Structures are given as structure tokens and as C-alpha cells.
Amino acid sequence: MVLKAFFPTCCASADSGLLVGRWVPEQSSAVVLAVVHFPFIPIQVKELLAQVHQAGHVGLAVLGTWCHRRQGAEERLGPFLEGLGAIFSHEPWLQLCRERTSGLWSCKATCQQGPARVKDQVMLVFYDQRQVLLSQLHPPAALPDRQAGDAAASAEGLAAVFDTVARSEALFRSDRFDEGPVRLSHWQSEGVEASILAELAKRASGPVCRLLACLLSLISAASACRVFKLRPLSFIWSKLAVCGQLGHRLEQLELVFSTQKAEKPAQLMRKANVLVSVLLDVALGLALLSWLHGKDRIGQLAEALVPVADHVAEALRHLLQWLMGAPAGLKMNRALDQVLGRFFLYHLHLWISYVHLLSPFIEHILWHVGLSACLGLTVALSTLSDIIALLTFHIYCFYVYGARLYCLKICGLSSLWRLFRGKKWNVLRQRVDSCSYDLDQLFIGTLLFTVLLFLLPTTALYYLVFTLLRLLVVAMQGLIHLLVDLVNSLPLYSLGLRLCRPYRLAAGVKFRVLEHEAGRPLRLLMQINPLPYGRVVHAYRLPSCGCHPTHSWGSLCRKLFFGELIYPWRQRGDKQD
């Protein structure tokens, strides 16, 4: 079996010393983490490894020796380095050496009984320690069955390397400026990365988060009061999109300002994604608010709203008058046509009168509604969706009236059709059973079936027209809800990491051959493959409060055909009418 030695590129020019790392027997791999330099005391090295094991729960050991022959005096270190195997016993014992003149490397592994593997059986893999430490390895995508076994074995080996480096972070806290008893070489040997502003932000974030968490908990407790669960308030809260978005924003802020420390990288990434999403949402909302209050645009919108409502009402009036005549040359039932047309015209007259009654207050209403953009663009868009729903309430009423009347006739025709076939609907067993009818029942059923059948085209035409208008309004609200869902669920922080630091989100690794010569170990360079953008969105997509479709296209068409009401905003588990 080939022995794989993972060696950090930052230690390639380090002075001679001991190789400290972890041995993975399942993969026959040695993960080198640092080089301990002379002079040192063996007991102090062992204490350092014990401290790292206690901090990161990873078993580290002295794997072997490192000899960098840059000076002639270091050539005499060979016998001394070989004798260190008796003090730090480990099998196999690695002896890694780099020649003085060029990049010629030699590596061998020995045991107490003798050489365990010849030189051409040792594979030396170089890796960037900083990138591996900061990256997060994701599981591979689904592969065919014939490749699943090899992919799983490879993923386990890579996961062991990434996990070893991540858990050994306590080993990298010392640099060459420390006056500790053990001098190390690793990726932070030239100085630990730090920032005064970052440290001040960390210290100030604790009290700020605790204060905001208390305020958010009070708001959450007030919103959960029993007063808001009464029938009118709970009904309004469940139907208005802005209320759902405000509840979702409250959950986002509670997650961001939570004092509980994120234990896993996925939880930390989710917090960062939510924070960036909220900041971007608020910034876009403030930009929208600035645009609305500039050049008196709210007044212009208020002045244009009533004429637009009048134009829509006039278009609906012409549509109803067209339906009351002979639409497209169709022969309608004149009595029912006149009744339905006058009923809808009266309803339209009530609605336009209501709009004109509110016209003096529209500018003030829009001004206060525009302030909702301070809470974010999604809150403003949800408010816009509710405004569209209120302004098109008469279209919704037309749709409900037409759908109920059409559904009543469809149900009556289907029930009478079963009567002709000698069957009836069994309510208890929820099935169609045979039944015998007398002559009077068949005669009355025939009359009712004839009446409903000849009145059906008139009702179906009104239902078709108002359903199309309703679907147009629903499509407009659906586009707004999709935009809200996009802002709420898009993992912007993860996408920014993928764009600026692609190694932070690793999908796997690739190897580049550095040296492959006879008599020398195979040297490879391990490079991180970034996660594709599609998998980044799929892996870190945030939950959203938007209403997702609960019906397939087939069930939607079936409901439309039978006249059942369509509520696109309904969530799963809601009671349907």
C-alpha cells in the first residue's frame, strides 16, 4: 500500500526539525501540520501536543524528522535526526529531506524492524495549509453506482485531512515572535493574523447582541399575546403579506443577534447569509424611500391612482356591457345575462364610489405606507402586494361570485347525471353506489338537468372572463412574491465568498504532478476545487416566508374546470373553503 504524506507548502523552506502531525491508519496517510525546530526539550513537545489534543480533540504525534540541507553544517544532522526515532516512537517513522542545491526531495518510512516501504512507495502531497484551514469541504455530488465506492473512499480521505487541519487550530496560535519553549513553523509563523478593529468589534458585539436580543424577545412576546390571536386580528395577520414578512424579519433578527455561539460552520454561514441579506434589504429599502420622497413622487402617485382606478372601472363596465349583449356572436340566456350583468355593474359602482370617497386621504396613506421601506425592500414589496389585493378586491369578488355559481351548476349537473344512470353519491363511504329511483324523481331530475344545462353557457362565460382577470392579478402578486423570496432566500455571503475566495467553499481537490522520477518519491500539489455556484445556492439557500405553490398544474386545471376557488397565498395545512 502506498503511504501518502501531506506536507504544507509553507514549511518547504523551514529549518530542520521534527514533523508534527496526525497519522490516519485507515487511509495510510500522514498529515504534517508543523515543524518543531531545534533546540527543544522532548517533554515540552509532548506537553504542547497534549494541549492541542485537549483543545481540538485530535490526536497529534511526532511523525518523523525534517532535514533541510541549506548549510554544510546541517549535513552532520543526519545521524542525530535518525536517533530521534528512539525518543518519539512512531510507526512508520518518516524521514523527509530536501537537498541543498535545488528542489530534490527524498522521503522514506521506517519501522523498528527495518524499512517498511521502499522510496517509490511514498507519495508526497503538498497542500496550502491556510486554504485548507479556512475552507469547508462539501460532500461530493451524486455519482453512478460504479463510481460511488471510489468517490466515498476518496471523500473520506480528504475529509480526514481537512478535519485534522481544522481541529489543530490551537497549534497555529504561536509564531516566531513568541518566547515559548517550542519554536514551530506553520502558515502563521511570520505573525498571527489579527486586526485591532476586528478585536474591538468582537468585544463590543457581545453587549450589543445581548441588548438587541432582549428587545427582540420583548417584541416577540408582545406579538404572541392572546389579544392578537382573536378572530379578526388573527385573520388579518394570516392574510396580509406584510404581516408575514414582518414576522419573518423578526425571526431573522433573532437569529442574527442570538447570543448562542454557532457550533458548526453551517450555522455560522447561515448567520452570515442572514445578516448580509438583511443589510442589503434595508439598504435597498432606504434607497427606495429616498426615491419616493424625492421630487414629490408620492404626491404624483396619489394623483395618478384615482384616474387609473377610473380607467380600470370603465374598462370593466365596457366588458360587462359586452357580456350582456351577444359576446362573440354567442346566443346567451337573456334573463340570466341581464341579472348577472346588472349585479356586477352595481358592485362595480359601489367600488368606484368607495375609491372616490378615499381619494382625499390617498396621499397621506401612501406617505405612511412608504415609511415601511425603512424596514427593507421586501417589506415595501409585501405592502405593495397587499395594496394591489385591496385595489382589485372587486375583481376578486366577481371571481368568487362567478366561481360559486358555476361550481353549483357543475355539481348539480354531475349529481343529476348520476340520477340518470341509477346511481348516487354515498356520503358515509365516499363512493358512488347504485340506487333505484321512481318515475317522479326521474321526471323532476330531467327538468332540472335541462334547465341547468341550458343556463350553463351563460354562467360559464362570466366565470371564464372573471377567472382570467383574477389570474392576471394573481400573476402580478406572484411576481412580487418571487422577488421577495429571492431577496429573502439568496445566500449572498456564500456567493460573495465563492466569488472572492473560492477556496473557502471546497467541492473537492485536484492534484498536479510536480515530480515523477525513478528513485524519488512522487510529488503532487493538492489544489482546491471551488464549489459551483448552483451548488452554493442549493446548499446555503435561506428559508423564506413566501407562499409556494401547493398544487400541480394538473390539480390547478382540475380546480379551475370544476369551479373550485384558488387561493395561491394559502400555506400547507390551511383549511380550504
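Residues numbered from 1 in each chain as written. Predicted model: local features only at pLDDT ≥ 70, side-chain atom pairs only at ≥ 80, totals over all residues. Heavy atoms only, no water.

Notes on the overall build of the protein
Basically, it comes down to this: A run of H or I in DSSP becomes a helix once it reaches four residues, and a run of E becomes a strand once it reaches two; helices and strands are each numbered from the N terminus. Relative accessibility decides the category of a residue: with a 1.4 Å probe and only protein chains considered, values under 20% of the type maximum give buried, values over 50% give exposed, and everything between is partly exposed. Note on contacts: a residue pair qualifies if any of its non-hydrogen atoms lie within 4.5 Å across the two residues. In short, Shrake-Rupley with a 1.4 Å probe defines the accessible areas, and a residue's cover is counted only from the protein chains shown.
Each helix and strand in the protein was counted, giving 17 helices and 14 strands. Per-residue burial over the protein gives 38% buried out of 577 residues. Across the protein, contacts joining residues at least 24 apart in sequence account for 72% of those joining residues at least 6 apart. For the protein, the exposed area adds up to about 33,300 Å²; of that, 63% sits on carbon and sulfur atoms.

Considering the side chain of His394
Stated precisely, the cut-off is as follows: By the criterion applied in these results, polar contacts are pairs of N or O atoms within 3.5 Å in which, for protein atoms, one can donate a hydrogen and the other can accept it, and in which residues neighboring in sequence qualify only through two side-chain atoms.
With respect to the helices and strands, His394 occurs in helix α13 (residues 393–420). Engagement of the side chain of His394 in a polar contact is seen with the backbone oxygen of Leu391, the distance being 3.4 Å. Beyond its immediate stretch of four places on either side in the chain, His394 contacts Val312, Leu316, His347, Leu348 and Trp351.

So, helix α12 (residues 377–391)
We count it as follows: Expected helix span is given by 1.5 Å per residue-to-residue step, counting one fewer step than there are residues.
Under the 1.5 Å per step criterion, the end-to-end length of α12 is 21 Å for 15 residues, consistent within 8% with the ideal 21 Å. The secondary structure elements touched by the buried residues of α12 are α6 (231–239), α7 (241–256), α8 (265–293), α11 (362–370) and α14 (439–489).

Describing the side chain of Thr164
Along the chain, Thr164 turns up in helix α4 (residues 145–167). Accessibility expressed as a relative area gives 0% for Thr164, which makes it buried.

Comments concerning the packing of aromatic side chains
Note the threshold: Any Phe, Tyr or Trp ring, taking Trp's six-membered ring, that has another such ring centre within 6.5 Å forms a pair; planes under 30 degrees apart are called stacked, those over 60 apart edge-to-face, and the others tilted.
Tallying each qualifying case throughout the model produces 18 aromatic pairs. Consider the rings of Phe7 and Trp66, whose centres lie 5.2 Å apart with planes at 35°: the pair is tilted. Here Phe7, found in strand β1 (residues 3–8), pairs with Trp66, found in strand β4 (residues 61–68); they are 59 residues apart in sequence, far enough to count as distant. Trp66 carries the same exposure label as Phe7, and that label is buried. Consider the rings of Trp105 and Phe126, whose centres lie 5.0 Å apart with planes at 75°: the pair is edge-to-face. On the criterion of sequence distance, the pair formed by Trp105 in strand β6 (residues 105–110) and Phe126 in strand β8 (residues 122–127) is long-range, its members being 21 residues apart. Each member of the pair, Trp105 as well as Phe126, is classed as buried.

Focus on the packing of helix α9 (residues 297–324) against α14
What counts is decided by this rule: Fitting a line to C-alpha atoms yields each axis, with helices limited to the stretch in contact; the angle taken between N-to-C directions then spans 0 to 180 degrees. What sets the label is the angle itself: under 35 degrees gives roughly parallel, over 145 gives roughly antiparallel, 65 to 115 gives roughly perpendicular, and the rest give oblique. Here a crossing is taken to be left-handed if its near helix is turned anticlockwise relative to the far helix by less than a right angle, and right-handed if that turn runs clockwise. Note that Gly is not counted as nonpolar here; it falls among the polar residues with everything else outside the nonpolar set of Ala, Val, Leu, Ile, Met, Phe, Trp, Tyr, Cys and Pro and the charged set of Asp, Glu, Lys and Arg.
Where α9 contacts α14, the axes come no closer than 11 Å and their chain directions differ by 160°. Overall, the two elements α9 and α14 adopt an arrangement that is roughly antiparallel. Here α9 and α14 pass one another in a crossing that is right-handed. Within the contact between the two elements, α9 uses Leu316, Leu319, Leu320, Leu323 and Met324 and α14 uses Leu461, Tyr462, Val465, Phe466 and Leu469. Among the residues forming the contact of α9 with α14, the class breakdown is ten nonpolar, no polar and no charged.

Here we look at the pattern of salt bridges
Quick note on the threshold: A pair is scored as a salt bridge if a Lys or Arg side-chain nitrogen falls within 4 Å of a carboxyl oxygen belonging to Asp or Glu.
Scanning all chains against the criterion turns up seven salt bridges. Where Arg317 meets Glu314, a salt bridge forms, and the shortest distance between an N and an O atom there is 2.6 Å. Taken together, the residues span about one helical turn, with Arg317 and Glu314 both in helix α9 at a distance of three residues. A salt bridge links Glu564 to Lys559; the shortest N-O distance between them is 3.0 Å. Look at Lys559 and you get buried, because its relative accessible area is 15%. Residues joined by salt bridges that share partners form a network here, namely Arg558, Lys559 and Glu564.

Description of unusual backbone geometry
The residue Ser28 is not glycine, and still its phi comes out positive at about 50°. The backbone of His57 sits at a positive phi, close to 55°, despite the residue not being glycine. Following the sequence through the fold, His57 ends up in the loop between α1 (42–56) and β4.

Re the packing of helix α15 (residues 492–500) against helix α16 (residues 533–540)
It is the contact of α15 with α16, at a shortest axis distance of 9 Å, that shows an interaxial angle of 150°. Compared by their axis directions, α15 and α16 come out roughly antiparallel. The chirality of how α15 crosses α16 is right-handed. Where α15 abuts α16, its residues Ser494, Leu495, Arg498 and Leu499 lie against Tyr533, Val536, Val537 and Tyr540. Each residue belonging to the contact of α15 with α16 can be placed in one class, and the counts come to six nonpolar, one polar and one charged.

Quick word on the pairing of β8
Let me state the cut-off plainly: A pair of strands is treated as paired once DSSP finds two or more bridges between them.
In terms of residue burial, β8 counts as a mostly covered element, since six of its six residues are buried. Neither face of β8 is exposed, since Val122, Leu124 and Phe126 on one face and Met123, Val125 and Tyr127 on the opposite face are all buried. In this sheet, β8 lies alongside β1 in parallel orientation, the contact comprising six bridges. When the sheet's bridge partners are listed, Leu3 is paired in β8 with Val122.

Topic: the pairing of strand β3 (residues 29–37)
Burial within β3 is extensive, with nine of its nine residues counted as buried. In the sheet, β1 pairs with β3 via three bridges, with the strands oriented parallel. Note on β3: the bridge partner recorded for Phe6 is Val31. Pairing of strand β2 (residues 17–24) with β3 involves eight bridges; the strand directions are antiparallel.

Re the UniProt feature "transmembrane region" (unreviewed entry) in the protein
What counts here: UniProt positions are given in the numbering used here, feature names are shortened, and annotations may be inferred rather than shown by experiment.
Mapped onto the present numbering, the UniProt feature "transmembrane region" (unreviewed entry) falls at residues 274–292, 339–358, 365–392, 441–465 and 471–495. Counting secondary structure, residues 365–392 comes out at 75% helix and 0% strand; the distance between its end C-alpha atoms is 17 Å. Summarising residues 471–495: 92% helix, 0% strand, and an end-to-end C-alpha distance of 35 Å.

Description of the environment of Lys271
Looking at the element boundaries, Lys271 is found in helix α8. For Lys271, a relative accessible area of 17% gives the class buried. Considering only alpha carbons, one finds Lys271 and Tyr493, 222 residues apart in sequence, at a separation of 9.5 Å. The residues contacting Lys271, other than those within four sequence positions of it, are Leu255, Val256, Ser258 and Gln260.

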